[in-house]
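Each chain, letter by letter, is given below.
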Amino acid sequence: MADIENKLRAVAAVPLTEELCRLIEEIEPRVEMIRDHSLMHPMRGPADWSGDPEHTRTAEQQTAFEAMIDSADALFGIPDVDPAALARTVAANPRLRWVMTTAAGGGAQVKSAGLGRADLDRITFTTSAGVHGGPLAEFAVFGVLAGAKGLARLARDQQDRVWPERWEMRQLDEMTVLVVGLGGIGAECARRFHALGAQVWGTTRSGESVEGVDRLVPLDGLVDAARHVDAIVVTLPGTEQTHHLIGADVFEAVRPGTILASVGRGTVIDEQALLPALDDGRIAFAALDVFENEPLAVESPLWSHPNVLVSPHTAALSSKEEERIARRFAENAARLLDGHPLRAVVDTVEFY
């Protein structure tokens with residue numbers, strides 16, 4: 001995994017600032033960060049790891065970029081966030097032992113590379129899962145509060161300059177919130193909802209307790225649990241196992257007035273099943289940061305539904321995101337060099 005001097009040759013395969021390259025080397029001096037900023041697609045904003053799609057390399061630059069990538073023991077990011085580029089360098093570089101994806105859901109990118117079992121066993125893939133937990137948990141809280149306090153109704157009345165009769169808002173400390181998925185994001189959601197006084201339930205496969213969760217729900221008990229809660233927060237990654245997990249059976253089970261917030265991957269929710277639940281009030285409000293297909297199609301009825309808040313997959317974006325991911329890379333590099341288990345390892349069977 002490292003050379004005989006216990007060093008790690010790590011290549012920045014995506015645009016990573018000089019400041020953050022140096023930060024990684026300061027945190028873990030055994031890491032040599034190889035980088036050439038002139039070969040990177042320029043970022044258009046914070047954490048724009050794939051860079052400007054209009055930017056192209058010359059043939060000579062592409063050759064130099066691939067040679068740099070192929071010299072790595074470890075990669076910070078999937079090259080150009082392109083699964084095909086990952087497949088190319090895996091085939092070209094037998095010394096590659098670790099790749100950290102910059103996306104929390106990087107398992108899907110690894111799957112798209114179509115790597116064989118031997119390469120999946122040879123290389124450890126990790127993600128930035130958990131790095132985005134705080135911002136996404138805040139959006140989930142915002143979404144549930146928006147539903148509880150009638151944000152859509154308030155906005156409509158304000159726009160129409162209507163002063164209605166007073167009406168009762170719901171109180172978070174009187175609600176039960178079901179967090180579907182208690183990974184890094186889900187655990188942060190649970191902690192925040194618990195701090196605000198909500199009763200927190202959470203689905204689990206492991207059965208391990210999580211801070212702030214009052215009741216653990218096995219995944220096969222999801223539909224039954226949905227009958228008894230006031231809000232559902234979805235944090236799961238997108239895999240074959242989670243595809244449309246929140247579907248017609250869940251929406252048929254919920255009590256009228258249930259609030260939905262989604263901050264995991266859009267494929268977990270069956271949008272075609274969600275729409276009738278929104279129309280008849282079983283789902284009173286949905287705050288959605290992710291969708292089955294992105295960008296959300298202009299013809300999607302979710303855009304204009306009066307009880308839907310559309311967020312363009314932006315809730316996790318933060319000017320601190322790049323630094324958090326760099327620090328995660330440095331931490332995992334130390335674990336790798338010291339022979340300890342890495343954090344957020346991709347399951348290369350289910351790819352999450």
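Residues numbered from 1 in each chain as written. Predicted model: local features only at pLDDT ≥ 70, side-chain atom pairs only at ≥ 80, totals over all residues. Heavy atoms only, no water.

- As recorded in an unreviewed UniProt entry, the protein goes by Phosphoglycerate dehydrogenase-like enzyme and comes from Microbacterium natoriense.

1. Overview of the overall build of the protein
Part 1 of the reasoning: Of the regular secondary structure elements, the protein holds 12 helices and 12 strands.
Part 2 of the reasoning: Computed over C-alpha atoms, the radius of gyration of the protein comes to 22 Å, within 12% of the 20 Å expected from 2.2 N^0.38 for 352 residues, which places it in the range of a compact globule.
Part 3 of the reasoning: Counting the 352 residues in the protein, one finds 50% classified as buried.
Part 4 of the reasoning: Accessible surface, the protein as shown: approximately 16,500 Å² in total, 51% of it carbon and sulfur.
Part 5 of the reasoning: In the protein, 33 positive and 52 negative side-chain charges are present, and the distance between their average locations comes to 3 Å. (Helix = DSSP H or I, 4+ residues; strand = E, 2+ residues; numbered from the N terminus. Rg over C-alpha atoms; globule rule 2.2 N^0.38 Å. Buried < 20%, exposed > 50% of the residue type's maximum accessible area, 1.4 Å probe, protein only. Areas by Shrake-Rupley, 256 points an atom, 1.4 Å probe, with all protein chains shown as cover. Lys, Arg positive; Asp, Glu negative; His and termini not counted. Charge placed at Lys NZ, Arg CZ, Asp CG, Glu CD.)

2. Thoughts on the pattern of salt bridges
Part 1 of the reasoning: Per the stated rule, a full pass over the model turns up 24 salt bridges.
Part 2 of the reasoning: In this structure, Asp280 and Arg282 form a salt bridge, with 2.8 Å as the shortest nitrogen-oxygen distance.
Part 3 of the reasoning: We classify Arg282 as buried; its relative accessible area is 17%.
Part 4 of the reasoning: Arg335 is paired through a salt bridge with Glu331; the nearest N and O atoms lie 3.4 Å apart. Of this pair, Arg335 and Glu331 both sit in helix H12 (residues 321-338), four residues apart, which is roughly one turn of the helix.
Part 5 of the reasoning: In the salt-bridge network here, residues are joined through shared partners; they are Glu18, Arg22, Glu25 and Arg35. (Salt bridge = Lys/Arg side-chain N within 4 Å of Asp/Glu carboxyl O.)

3. Thoughts on the sheet that holds strand E5 (residues 124-126)
Part 1 of the reasoning: Spatially, five strands are ordered E2-E1-E3-E4-E5 in an open sheet, and the strand pairing comes out parallel. A strand with exactly one partner marks an edge of an open sheet, and here the two such strands are strand E2 (31-34) and E5. Across the sheet, the mean angle from the axis of one strand to that of its neighbour is 20 degrees, orientation sign disregarded.
Part 2 of the reasoning: Pairing of strand E1 (residues 8-12) with E2, which is carried by four bridges, proceeds in the parallel orientation. Note that in E2 the partner of Leu8 across the bridge is Val31.
Part 3 of the reasoning: Its contacts with the sheet place H12 against E1, E2, strand E3 (74-76), strand E4 (98-100) and E5, and it is angled at close to 160 degrees to E4. (Pairing = 2+ DSSP bridges. Axes fitted to C-alpha atoms, helices over the stretch in contact; angles between N-to-C directions. Contact = heavy atoms within 4.5 Å.)

4. Overview of helix H6 (residues 133-148)
At 3.6 residues per turn, the α-helix brings residues three or four places apart onto the same side.
Part 1 of the reasoning: Along its 16 residues, H6 runs 22 Å from first to last C-alpha, staying within 8% of the 22 Å computed at 1.5 Å per residue.
Part 2 of the reasoning: Following H6 by one or two positions, Gly150 has its phi on the positive side, about 70 degrees. (Expected span 1.5 Å × (residues − 1).)

5. Remarks on the sheet that holds strand E11 (residues 283-288)
Part 1 of the reasoning: Strand order across the open sheet formed by seven strands is E8-E7-E6-E9-E10-E11-E12, with parallel pairing between neighbours. Across the chains shown, the open sheet's two edge strands, defined by having one partner strand only, are strand E8 (215-218) and strand E12 (308-310). Taking each pair of neighbouring strands and ignoring which way they run, the sheet shows an average axis angle of 15 degrees.
Part 2 of the reasoning: Where strand E9 (residues 231-234) and strand E10 (residues 258-262) come together, four bridges link them in parallel fashion. By the bridge assignment, Ala231 is partnered in E10 with Ile259.
Part 3 of the reasoning: Against the sheet, helix H8 (residues 184-195) contacts strand E6 (176-180), strand E7 (199-204) and E9, and its axis sits at roughly 170 degrees relative to E6.

6. Remarks on empty space enclosed by the protein
Part 1 of the reasoning: Evaluated as defined, the whole model comprises one cavity of 30 Å³ or more.
Part 2 of the reasoning: There is about 30 Å³ of room inside the largest cavity.
Part 3 of the reasoning: Around the largest cavity, the lining residues are Ser262, Gly266, Ile269, Glu271, Leu274, Leu288, Val290 and Phe291.
Part 4 of the reasoning: Split by residue class, the lining of the largest cavity holds five nonpolar, two polar and one charged. (1 Å grid on protein atoms, 1.4 Å probe; cavity = no way out; pocket = protein on both sides within 12 Å on 5 of 7 lines; lining within 4 Å. Points joined across faces, edges and corners; volume = space filled by probe spheres on them. Nonpolar A, V, L, I, M, F, W, Y, C, P; charged D, E, K, R; others polar.)

7. A word on the packing of aromatic side chains
Part 1 of the reasoning: As enumerated under the stated definition, the model contains four aromatic pairs in all.
Part 2 of the reasoning: Through pairs of rings, three or more aromatic residues link up here, namely Trp49, Phe76, Trp98 and Phe329.
Part 3 of the reasoning: Above the plane of the ring of Trp201 lies Arg215, whose end atom (NZ or CZ) is 4.1 Å from the centre. (Phe/Tyr/Trp six-rings, centres within 6.5 Å; stacked < 30°, edge-to-face > 60°. Lys NZ or Arg CZ within 6 Å of the ring centre and 35° of its normal.)

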